[in-house]
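# Residue-level structural notes
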Amino acid sequence: MNTVLSRANSLFAFSLSVMAALTFGCFVTTAFKDRSAPVDIQVSRVMLKNVDDFTGPKERSDLGFVTFDVTADLRPIFDWNVKQLFLYLSAEYETKSNALNQVVLWDKIILRGENTNLSLKDMKSKYFFFDDGNGLRGNKNITLTLSWNVVPNAGILPLVMGSGHISVPFPDAYEATKSY
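Residues numbered from 1 in each chain as written. Predicted model: local features only at pLDDT ≥ 70, side-chain atom pairs only at ≥ 80, totals over all residues. Heavy atoms only, no water.

Now for the packing of aromatic side chains. For any pair of aromatic rings, the description rests on two quantities: the centre-to-centre distance and the angle between the ring planes. Summed over the entire model, instances satisfying the criterion amount to 6 aromatic pairs. The interplanar angle of 85° and the centroid separation of 5.7 Å between the aromatic rings of F129 and F170 together place this pair among those described as edge-to-face. Separated by 41 residues along the polypeptide, F129 in strand β6 (residues 129-131) and F170 in the segment after β8 (159-168) bring together distant segments of the chain. Across the pair, exposure class does not vary: F129 and F170 are buried alike. Here a set of aromatic residues connected by ring pairs shows up, and it is made of Y93, F129 and F170. (Phe/Tyr/Trp six-rings, centres within 6.5 Å; stacked < 30°, edge-to-face > 60°. Helix = DSSP H or I, 4+ residues; strand = E, 2+ residues; numbered from the N terminus. Buried < 20%, exposed > 50% of the residue type's maximum accessible area, 1.4 Å probe, protein only.)

Written out as structure tokens, the structure reads:
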């Protein structure tokens, strides 16, 4: 009546049920933990150029360059259920044509076991800071924010914003130099 295959099926189903219950228990132990941390962002240099935009009509667009320092202690975020952090620095600003513009300038992945005390000096933008027009020139309220995704072993993928940000005014004139 109980063949080897039916007993193996029962054992496999029971093992999966136990593993699902343990995984849910692991998720519950860290689901409500605060994943925020204080962040200090300083900007040492802002440069603005007006360049040809080859993606659309023959217009010129603003291209911004930002040199920044980031300091943050991310040790409290890591626990046994955190596999890695995906950090990214984003710029948010408002223009005449768009109420909200968001651009990712830099990112980094920190794995468990790596140095979680972030102290970066004179970092340049990893990605281009293009505006689809001339919304960067003279813009006095471009806000830089460090955010991160917590990649857990089990559970949801929370998006957390750091508790520090900085508003940077962009210059009123374009740079004429060729180097950055």
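Read on, since the account is not over.
All right, on to the side chain of D107 then. Within the element layout of this structure, D107 appears in strand β4 (residues 101-111). Polar contacts involving the side chain of D107 include one to the side chain of K126, which spans 2.7 Å. In terms of polar contacts, D107 uses its side chain to reach the side chain of Y127, at 2.8 Å. (Polar contact = N/O pair within 3.5 Å; in protein donor to acceptor, adjacent residues only side chain to side chain.)

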